[in-house]
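Coordinate inspection notes
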Amino acid sequence: MNKLSKEIVQLSFNPLAILRVLIFTILLLLAAHITAFILTVVLQSTSGLSRNMERYFDFNLERNFPTYFSVMLLAFTAVLLLIIYRCSKINHDKTKRYWLVLALIFIFMSIDESIQVHEHLAEILRPKLSSDLSGLLYWSWVIVYGFLFLVVCIYMLRFVLNLPAFTRKMFFLSAFLFVGGALGLELLEGYFFKLYGINHIYNRVLYCIEELLEMFGVSIFIYGLLDYLAAYKINIAFVSTKTDGPAVE
């Protein structure tokens, strides 16, 4: 028989330090986006550097560094929520289902950010609308997602209000930033898109602000979750099982 031993390695996280890294990364991406904008729009450069900067760092394009960063942010948030759910389940906490619901929501949001489910939904809904309100509902996915957001808010309200004060503040602040960007600015973007097209300066500024609000919102939510884990002394341990010594028959 094999002799098994377990090594437990515990990792310590500083919530504020992680938040700083996330914010620094967001600012780097913003600087690259602004550089791409100056090269391609202000200077109207057609060089390979300009095209590559726009391709890889423009906030309104897909499958580039800002997109992948947003996907990773949302996925990391989902992992943290699953960890809290697991701990709540072990402790027979009645709030465990709320953490699970939040984790599933962020898993979907990560997938959506990656494959743009909401934009495909808009293509289906837009022809069915009698009016897009002068473009405010041009990106018609906001109707469905806005309704779902209200449903989630109603379902989660009592749970969030009973959270520790700091965690509750982080929940509200992050939701305000993220939803304000994702839904609020999307209405204005649709309006200006109908008037001037997607590449007009108004839309370029709006979608830049939108992406920033979403990134900052998720980063603050991550900070709140990490602080919650730290405050309740929830340790994350990686347990490895390995074989020591030769096998004995």
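Turning next to the overall build of the protein chain. When its secondary structure is counted, the protein chain shows eight helices and two strands. If you list the helices and strands of the protein chain from N to C, you get β-α-α-α-α-α-α-α-α-β. Per-residue burial over the protein chain gives 39% buried out of 249 residues. Taking the intrachain contacts of the protein chain between residues at least 6 apart in sequence as the baseline, contacts between residues at least 24 apart amount to 73%. Summing over all exposed atoms, the protein chain offers an accessible surface of approximately 14800 Å²; the carbon and sulfur share of this is 67%.

What follows is about the nonpolar core. Within the largest apolar cluster, 52 residues are counted, with the highest numbers of intra-cluster contacts made by Leu 81, Trp 99, Phe 159, Phe 171 and Leu 225. Broken down by secondary-structure element, the contributors of at least two residues to this core are α1 (15-42), α2 (48-57), α3 (65-90), α4 (96-115), α6 (141-161), α7 (165-196) and α8 (201-231). The element best represented in this core is α8, accounting for eleven residues. Sequence-distant contacts of Trp 99, defined by excluding residues within four places in its chain, comprise Leu 81, Ile 84, Tyr 85, Ser 88, Phe 159, Leu 163, Phe 171, Leu 225 and Tyr 228. Within the second largest apolar cluster, five residues are counted, among which are Leu 19, Leu 177, Ile 220 and Tyr 223.

Further remarks concern unusual backbone geometry. Although it is not a glycine, Arg 63 sits at a positive phi angle of roughly 55 degrees. Among the structural elements, Arg 63 can be located in the loop between α2 and α3. A relative accessible area of 57% places Arg 63 in the exposed class.

Here we take up α1. Here α1 spans 39 Å end to end across 28 residues, near enough to the 40 Å set by a 1.5 Å rise per residue. Buried residues along α1 sit in contact with α2, α3 and α8. Put simply, Asn 14 is the residue that caps the front of α1, since its side-chain oxygen is 3.1 Å from the backbone nitrogen of Leu 16. In the stretch just after α1, Gln 44 is the one whose phi turns positive, near 55 degrees.

Here we take up the packing of α4 against α8. Contact geometry for α4 and α8: axes closest at 14 Å, N-to-C directions at 150 degrees. In terms of their interaxial angle, α4 and α8 are classed as roughly antiparallel. Helix-helix and strand crossings are classified by hand; for α4 and α8 the assignment is left-handed. Contact with α4, carried on its side by Trp 99, Phe 106 and Glu 113, involves Glu 211, Glu 214, Phe 221, Leu 225 and Tyr 228 of α8 and no other residues of that element. Broken down by class, the residue content of the contact of α4 with α8 amounts to five nonpolar, no polar and three charged.

Conventions and cut-offs
- Residues numbered from 1 in each chain as written.
- Predicted model: local features only at pLDDT ≥ 70, side-chain atom pairs only at ≥ 80, totals over all residues.
- Heavy atoms only, no water.
- Helix = DSSP H or I, 4+ residues; strand = E, 2+ residues; numbered from the N terminus.
- Buried < 20%, exposed > 50% of the residue type's maximum accessible area, 1.4 Å probe, protein only.
- Contact = heavy atoms within 4.5 Å.
- Areas by Shrake-Rupley, 256 points an atom, 1.4 Å probe, with all protein chains shown as cover.
- Core = buried A, V, L, I, M, F, W, Y, C linked by side-chain atoms within 4.5 Å.
- Expected span 1.5 Å × (residues − 1).
- Polar contact = N/O pair within 3.5 Å; in protein donor to acceptor, adjacent residues only side chain to side chain.
- Axes fitted to C-alpha atoms, helices over the stretch in contact; angles between N-to-C directions.
- Parallel < 35°, antiparallel > 145°, perpendicular 65-115°, else oblique.
- Left-handed = near helix turned anticlockwise from the far one by under 90°.
- Nonpolar A, V, L, I, M, F, W, Y, C, P; charged D, E, K, R; others polar.

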